[in-house]
Each structure stands twice: as structure tokens, then as C-alpha cells.
Amino acid sequence: MPSYIVVGGQWGDEGKGAITAYLALKDEPEVIARGGVGTNAGHSVFINGKRYAVRQLPMGFMQTKARLLVGAGVLVDPEVFFHELETLKDFDVAQRVGIDYRCAIIEETHKQLDRSNGHLHDKIGTTGSGCGPANADRVMRRAKLARDIKELEPYLTDVAAEVNDALDEGKLVLIEGTQGFGLSLYYGTYPYVTSKDTTASAIASDVGIGPTRVDDIIVVFKSFPTRVGAGPFPTEMSQEEAERLGLIEYGTVTGRRRRVGWFDFELARYSAKLNGATMLALTMIDKYDKNAFGITDYDKLPRKAKEFVEGIEERVGVPVALIKTGPELEHIIDRRDVI
Ligand code: GTP
Ligand code: IMP
Ligand code: MG
């Protein structure tokens, strides 16, 4: 698969960071490009017991041989960008990162508006990262672009050209989506959504490749989906139930407690269909069946976990190729060769 896209199938935070990190190290893509909205996304990953979080740079940063690109569709917050160059300096990211010169910029005023506007902050429950207001300015055609910011100059590039050239040369390109299907401006639970489409087609456009250039689409689902912010969540469970099941989580960007629910097969089926999924990834199966923790061989999964995976494959109609069984990178079952 010369090019593949990883996207979220629920309301974000499905564990795309952990899946992407695994793929980045295992498959050794030469190019890793990030699509999606912007710094509203938070991805975290455990590497050798240490937690790393990114909001702006590609989550595949730990693959030190890869070029790291931020596509033109992604909003750039220079403050977050430079902060991450610093926090990830062990991985030599500054030498490898490229930002498309057409990325729109998140300014302080966007962040202030996102945090003070009643509709955005109180009703929708946005992340306060300034993404919605920055995208609004972009649509009004008055947003600044990365090419207008002097400090970003050393990192500017034509991401679309780089990605297409890499594909022409037969290189492996890993493309990262952010947020999740239920947060899509078009297909999600409007108005409780983010400021752009979040499906695989949008992610391809964000990095500048046409639909014919995408070989595989991996849609990531979490065994117990979560949602932060307001909006419908048909399978939501009570806070007490979530506590009883040990499912308490807090957001990477906002620190807000995540609402938790049961796996929604209908949503999963619809989301896989509209994303054009060729494979699924399932995370947090150890939360569903604690005996699944750390298992790396599908045949060794306990019956309860296996039945869950088979139920998803049957009802969604797409094979579950990757299964995360714990927080560390090696806690994963990779069945891509048998599906
Ligand atoms: P995305 O936004 O989709 O990237 O998810 P996220 O990174 O926002 O989720 P979060 O920040 O909550 O991080 C998920 C954490 O759970 C990371 O530290 C992962 O290492 C960890 N994790 C990922 N998959 C599993 C899993 O299958 N089981 C357990 N126990 N932990 C996991
Ligand atoms: P915004 O994208 O900051 O405008 O927020 C709009 C909605 O999307 C809110 O409900 C946010 O909580 C949600 N959201 C945006 N990005 C993410 C994400 O990366 N993970 C989870 N929820 C998100
Ligand atoms: Mg997240």
C-alpha cells in the first residue's frame, strides 16, 4: 500500500495517535503527512513508558527517517508549532518538518473569540484552540497564511507537490487524519461538530492528493467511544457506569472529562462506509476484556474479545486489521497480512 490514510470513526480520541505511531515505526514510511483541522486535535502516545502529546505535528514523529509534513488544509498555530519542535527535540523533528506555505494561521484573536463567544464556548463546547474562528476568516479570505509569517519561513514547502512526488517515486506515504467522523461539519452531529469535514476524502484534499492516489483507508474505532463537548451521543452511559467500568478519561487539549458510551455499531457501519474504509483498527480492547491486555497474537485473544471483534466485522462489513490491547506501542495485534 503506497499510500494510506488513518482517520477517526467516532468523535475523535479513538487512539489514532497510538495506531499511527505503531504504523510509522513498523512500516517505515518515507513521508508522513498530517491533514485535519488544526491544533484542536490532541494525540498522545506512550513510548517506553513516556507520554508524548502532539497537536500540530504529525503523530508519526517518532519515525526519525520520515519527512514530516503539515498539509495546506491544516490550520497552523505558530506558538504550538514551536513548542512542539522543542518538546520533541529528541526526535530531531526540526530538520524533517515541512509546513505547506498555504496553511492558514491561528492568531491570538481567534483563540480569544473561541474562548469567549457564548455560541462556540458554551453551546458547542469547542476546544478553545481558535480553529473555528480561524477557518471562518479563511472562508472570508482574510486569514494570514503560513507564507506571511517570517518565523515559519525555514519550514515552508509545497506539501502537495512533495506528497505527489513521493508517490510517483513509489515511496510509502502515511497520511494522518484528526478528529472523528461524528465531528465532521458535513456528516457529524451538526451544529455540535468541528469546523471542517473530517472524512478520508477531506484528509486527502488537506494534503493535496486526489482520491485515485489513496490505496488504503484505516478507520479507527475505540471499544468504548468517547465524546468531549456538547452534542448527541446515542449510546452514552452514565458517569457512574463509566467509573464502575474504569473508563474515566480526560481530553489531551482541554483537560475536560470525556463522556463515555457503548460501541455504536450503526454509527461504525455508516462511518466506515462514508470513509471508504478498507480496514478497521480497534483500540482499548483491554478495557472491554481485561484478559486481552498486552496480547499480540490474535489466536490468543480471549473468547469475549474475539466475539467483539467478529461482531464488528460482521456488522460493519470491514475487516479489523489492527487491535490495540494496551497503551504501549507493542501492545498491538497486526493482522494486515491475513485479511
Ligand atoms: P487520538 O486523538 O485519536 O489520537 O486519540 P488520543 O491520543 O487523543 O487519545 P488520548 O490522548 O486519550 O491517548 C490515548 C492514550 O491511550 C495513549 O496514551 C495511548 O497510549 C493509550 N492507548 C491507546 N490504545 C490503547 C489501548 O488499546 N489500551 C489502553 N489501555 N491504552 C491505549
Ligand atoms: P472545535 O473543533 O474546537 O471548534 O470544537 C468543536 C467540537 O469538536 C467540540 O465538541 C470539541 O470538543 C470537538 N473536538 C474538536 N477536536 C477534537 C479532537 O481532536 N478530539 C475530540 N473532540 C474534538
Ligand atoms: Mg485526541
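Below is a short write-up of the structure. (Residues numbered from 1 in each chain as written. Chains lettered and ligands numbered in written order. Predicted model: local features only at pLDDT ≥ 70, side-chain atom pairs only at ≥ 80, totals over all residues. Heavy atoms only, no water.)

## Some thoughts on the overall build of the protein
And step 1. What the protein contains, in helices and strands, is eleven helices and 14 strands.
And step 2. Taking 339 residues into account, the globule formula puts the C-alpha radius of gyration at 20 Å, and the protein, at 19 Å, falls close to it.
And step 3. Here the protein holds 339 residues, and the buried ones make up 58% of them.
And step 4. For the protein, restricting intrachain contacts to residue pairs at least 6 apart in sequence, the fraction spanning at least 24 positions comes to 75%.
And step 5. Working note: accessible area of the protein is about 14,200 Å², and carbon and sulfur atoms make up 50% of it.
And step 6. Across the protein, the 42 positively charged side chains and the 49 negatively charged ones have centroids separated by 3 Å. (Helix = DSSP H or I, 4+ residues; strand = E, 2+ residues; numbered from the N terminus. Rg over C-alpha atoms; globule rule 2.2 N^0.38 Å. Buried < 20%, exposed > 50% of the residue type's maximum accessible area, 1.4 Å probe, protein only. Contact = heavy atoms within 4.5 Å. Areas by Shrake-Rupley, 256 points an atom, 1.4 Å probe, with all protein chains shown as cover. Lys, Arg positive; Asp, Glu negative; His and termini not counted. Charge placed at Lys NZ, Arg CZ, Asp CG, Glu CD.)

## As for the pairing of strand β12 (residues 279-283)
And step 1. With respect to burial, β12 is a largely interior element, five of its five residues being buried.
And step 2. Alternating positions in β12 separate into two faces, M279, A281 and T283 on one and L280 and L282 on the other, with burial throughout.

## Thoughts on the nonpolar core
And step 1. In terms of nonpolar packing, the biggest core is built from 44 residues, with L23 and F61 touching the most fellow members.
And step 2. Ranked by residues supplied to this core, first place goes to helix α1 (residues 16-27) with five residues.
And step 3. Those residues in contact with L23 that lie beyond four places of it in its chain are Y4, V6, E28, P29, L174, I218, L322 and R336.
And step 4. A200, A204, I312 and V320 belong to the second largest nonpolar core, which has 41 residues in total. (Core = buried A, V, L, I, M, F, W, Y, C linked by side-chain atoms within 4.5 Å.)

## Digging into the side chain of N275
And step 1. In this structure, N275 sits in helix α9 (residues 265-275).
And step 2. A polar contact is formed between the side chain of N275 and the backbone nitrogen of A200, at a distance of 2.9 Å. (Polar contact = N/O pair within 3.5 Å; in protein donor to acceptor, adjacent residues only side chain to side chain.)

## What to know about the layout of surface pockets
And step 1. Considered as a void within the structure, the largest pocket measures approximately 670 Å³ in volume.
And step 2. Around the largest pocket, the lining comprises 40 residues; the ones closest to its centre are N40, T126, T127, V193 and T194.
And step 3. Of all elements in the fold, only α4 (118-124) and α5 (131-139) reach the threshold of two or more residues within the lining of the largest pocket.
And step 4. Of all the elements, α5 adds the most residues to the lining of the largest pocket, at six residues.
And step 5. A class-by-class count of the residues in the lining of the largest pocket yields 17 nonpolar, 17 polar and six charged.
And step 6. By volume, the second largest pocket amounts to about 520 Å³.
And step 7. The wall of the second largest pocket is formed by 24 residues, among which G15, A18, S44, R258 and M284 lie closest to the centre.
And step 8. Secondary structure elements with two or more residues in the lining of the second largest pocket: α1, β3 (43-47) and α10 (285-288).
And step 9. Per-element tally for the lining of the second largest pocket: the top contributor is β3, with four residues.
And step 10. Residues of the lining of the second largest pocket, tallied by class, amount to six nonpolar, eight polar and ten charged. (1 Å grid on protein atoms, 1.4 Å probe; cavity = no way out; pocket = protein on both sides within 12 Å on 5 of 7 lines; lining within 4 Å. Points joined across faces, edges and corners; volume = space filled by probe spheres on them. Nonpolar A, V, L, I, M, F, W, Y, C, P; charged D, E, K, R; others polar.)

## As for the environment of D337
And step 1. Looking at the secondary structure, you find D337 in the segment after β14 (332-334).
And step 2. Separated by 243 residues in sequence, D337 and A94 place their C-alpha atoms 34 Å apart.

## Structural notes on the packing of helix α3 (residues 108-116) against α5
And step 1. Two elements in contact, α3 and α5, have axes separated by 7 Å at closest approach and are oriented at 125 degrees. By the angle between their directions, the pair α3 and α5 is classed as oblique. As α3 packs across α5, the resulting crossing turns out to be right-handed. Residue-level contacts link H110, L113 and D114 of α3 to C131, G132, P133, A134 and D137 of α5.
And step 2. Classifying every residue of the contact of α3 with α5 by side-chain character gives four nonpolar, two polar and two charged. (Axes fitted to C-alpha atoms, helices over the stretch in contact; angles between N-to-C directions. Parallel < 35°, antiparallel > 145°, perpendicular 65-115°, else oblique. Left-handed = near helix turned anticlockwise from the far one by under 90°.)

## Overview of the coordination of the magnesium ion (ligand 3)
And step 1. Coordination of the magnesium ion (ligand 3) by the protein involves D13 (OD) and G42 (O), with metal-donor separations of 2.0 Å. Of this pair, D13 sits in the loop between β1 (3-8) and α1 while G42 sits in the loop between β2 (31-34) and β3, and the two are 29 residues apart along the sequence. (Donors = N, O, S within 2.8 Å, 3.2 Å for Na, K, Ca; no water.)

## Here we look at the site of ligand 1
And step 1. K16, H43, T252, R258 and M284 are the nearest of the 19 residues found near ligand 1.
And step 2. A distance of 2.8 Å separates an oxygen atom of ligand 1 from a polar backbone atom of G42.
And step 3. H43 places a polar side-chain atom, nitrogen or oxygen, 2.6 Å from an oxygen atom of ligand 1.
And step 4. Isolated, ligand 1 exposes 650 Å² of accessible area, and the fraction of that covered by the protein chains is 92%.
And step 5. Because more than half of its atoms lie within 2 Å of the grid, ligand 1 is assigned to the second largest pocket.
And step 6. For the shell around ligand 1, the secondary-structure elements that each account for two or more residues are α1 and β3.
And step 7. Tallied by class, residues from the shell around ligand 1 come to four nonpolar, nine polar and six charged. (Near = heavy atom within 4 Å. Sits in = over half its atoms within 2 Å of the grid points.)

## Topic: the sheet that holds strand β6 (residues 97-100)
Backbone-to-backbone hydrogen bonds pair the strands of a sheet. The strands run either parallel or antiparallel.
And step 1. An order of β7-β6-β5-β2-β8-β1-β9-β12-β13-β14 is seen for the ten strands of this open sheet, with the pairing classed as mixed. The open sheet is flanked by β7 (156-157) and β14, the only strands paired with a single partner.
And step 2. Where β6 lies against β7, two bridges are found, and the strand directions are parallel. Residue I99 lies in a different strand from β7, and its bridge partner there is L156.
And step 3. Packed on one face of the sheet, α1 meets β1, β2, β8 (173-176), β9 (216-222), β12, β13 (320-324) and β14 and runs near 160 degrees to β1.
And step 4. Across the sheet, helix α11 (residues 303-316) is in contact with β12 and β13; its angle to β12 comes to roughly 145 degrees. (Pairing = 2+ DSSP bridges.)

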